Amino acid sequence: MPDTDFTLTLPNHTQRLLLHSCCAPCSASIIERLVNSNIDVTIYFYNPNIQPQKEYLLRKEQNIQFAKKYGVTFIDGDYDTKAWLNRTKAFADEPERGQRCKICFDIRLEQTARFAHQHHFELFSSSLGISRWKNLEQIHACGQEAASHYLNLQYWSFNWRKQGGSQRMVELAKQEHFYQQQYCGCIYSLRDTNRWRLAKGMDVIEIGADQYQ
Ligand code: SF4
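The structure displayed is predicted, hence computed values, not measured ones. (Residues numbered from 1 in each chain as written. Predicted model: local features only at pLDDT ≥ 70, side-chain atom pairs only at ≥ 80, totals over all residues. Heavy atoms only, no water.)

### Side note on the sheet that holds strand β2 (residues 40-45)
Strand order in the open sheet formed by five strands is β3-β2-β1-β4-β5, and the pairing between neighbours is parallel. Unpaired on one side and paired on the other, β3 (73-76) and β5 (154-155) mark the two borders of the sheet. For strand β4 (residues 123-126) and β5, the ladder comprises two bridges, and the chain directions are parallel. Along β5, the bridge assignment pairs L123 with Q154. Against the sheet, helix α1 (residues 24-36) engages β1 (16-20) and β2, with an angle of about 175° to β1. (Pairing = 2+ DSSP bridges. Helix = DSSP H or I, 4+ residues; strand = E, 2+ residues; numbered from the N terminus. Contact = heavy atoms within 4.5 Å. Axes fitted to C-alpha atoms, helices over the stretch in contact; angles between N-to-C directions.)

Shown next as structure tokens:
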């Protein structure tokens, strides 16, 4: 059973948290837990990895609605897909959890750290690590590296899967009727998902050819 009464405390007497959110399904149980713990949390949605734009807008809108329901401020970051592709395209053929994903986490957490510094947050974290498909150590290393460029800024390497966090994530996805994402987010993960679907005799997920440029 998930422990929804579990109370969180921010480390090192920090007063507020900037939470990078990748999507509503991953961040919902974290937001619920933070709000129930009376923690001052702000959501930062910065995910230029997600393509096509239709998918990006769908994921973002669900996150906006959930944040609104819990009275949490939602900051909408840039959607600079060109910059994301420029840094990752050399690793297009890497498998998930490989070097491309490390760069993807770097891009998102570097910008989160920059925003945190500019807006006087002393602590940030990310919902990325709650998914069992992701390498938690890889994400924490990227977060710590991103924070290391700023004085008075720390990355909080809390394991959001703990104390029933993963189970609560699944429960909230059902309760809130979040739509089921079919791929991680980038065009490469979509390509790999489609290859897998074809091999299984399933329909591919259609997007415009221009999205692959
Ligand atoms: S598979 Fe997911 S984590 Fe890896 S590069 Fe693509 S969007 Fe980023």
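Read on for the rest.
### What about the pattern of salt bridges?
Summed over the entire model, instances satisfying the criterion amount to 10 salt bridges. Linking E32 and R168 is a salt bridge whose minimum nitrogen-to-oxygen distance equals 2.7 Å. Note that E32 is positioned in helix α1 and R168 in helix α6 (residues 165-175), a separation of 136 residues in sequence. Here E32 matches R168 in class, with each residue buried. Here R59 ties to E55 by a salt bridge, and the two come within 2.9 Å at their closest N and O atoms. Note that R59 and E55 are positioned in helix α2 (residues 53-69) at a spacing of four residues, about one turn of the helix. Residue classification places E55 among the buried residues on the basis of a relative accessible area of 12%. (Salt bridge = Lys/Arg side-chain N within 4 Å of Asp/Glu carboxyl O. Buried < 20%, exposed > 50% of the residue type's maximum accessible area, 1.4 Å probe, protein only.)

### Some points on the site of the ligand
Close contacts around the ligand come from N49, W84, E96, R100, C101, C104, F105, R108, C184, C186 and S189, and that covers them all. Take the shell around the ligand: its biggest share by element is five residues, from helix α4 (residues 99-118). Grouping the amino acids of the shell around the ligand by side-chain chemistry returns six nonpolar, two polar and three charged. (Near = heavy atom within 4 Å. Nonpolar A, V, L, I, M, F, W, Y, C, P; charged D, E, K, R; others polar.)

### Focus on the UniProt feature "binding site: [4Fe-4S] cluster" (unreviewed entry) in the chain
In the numbering used here, UniProt assigns the feature "binding site: [4Fe-4S] cluster" (unreviewed entry) to C22, C23, C101 and C104. Counting through the fold element by element, C23 comes out in the loop between β1 and α1. Using a relative accessible area of 2% as the deciding quantity, one classes C23 as buried. In this structure C23 touches F45, N63 and Q181, once residues within four positions along its chain are discounted. Positionally, C104 belongs in helix α4. Apart from the residues within four sequence positions on either side, C104 is in contact with N49 and W84. (UniProt positions renumbered as here; feature names shortened; annotations may be inferred.)

### What about the pairing of β1?
Among the five residues of β1, four are classified as buried, and the element is accordingly described as predominantly covered. Two strands pair when backbone bridges link them, and β1 and β2 are joined in this way by five bridges, in the parallel orientation. When the bridges of β2 are listed, H20 appears paired with Y44. The sheet contact formed by β1 and β4 spans three bridges and is parallel. Directly across from H20, in β4, lies its bridge partner S126.

### Observations concerning the packing of α1 against α2
Two elements in contact, α1 and α2, have axes separated by 9 Å at closest approach and are oriented at 15°. Between α1 and α2, the crossing angle belongs to the class labelled roughly parallel. Remark: the crossing between α1 and α2 carries right-handed chirality. Taking contact as the criterion, the partners of A24, P25, S27, A28 and I31 in α1 are, on α2, R59, Q62, N63 and F66. The residue makeup of the contact of α1 with α2, split by class, is five nonpolar, three polar and one charged. (Parallel < 35°, antiparallel > 145°, perpendicular 65-115°, else oblique. Left-handed = near helix turned anticlockwise from the far one by under 90°.)

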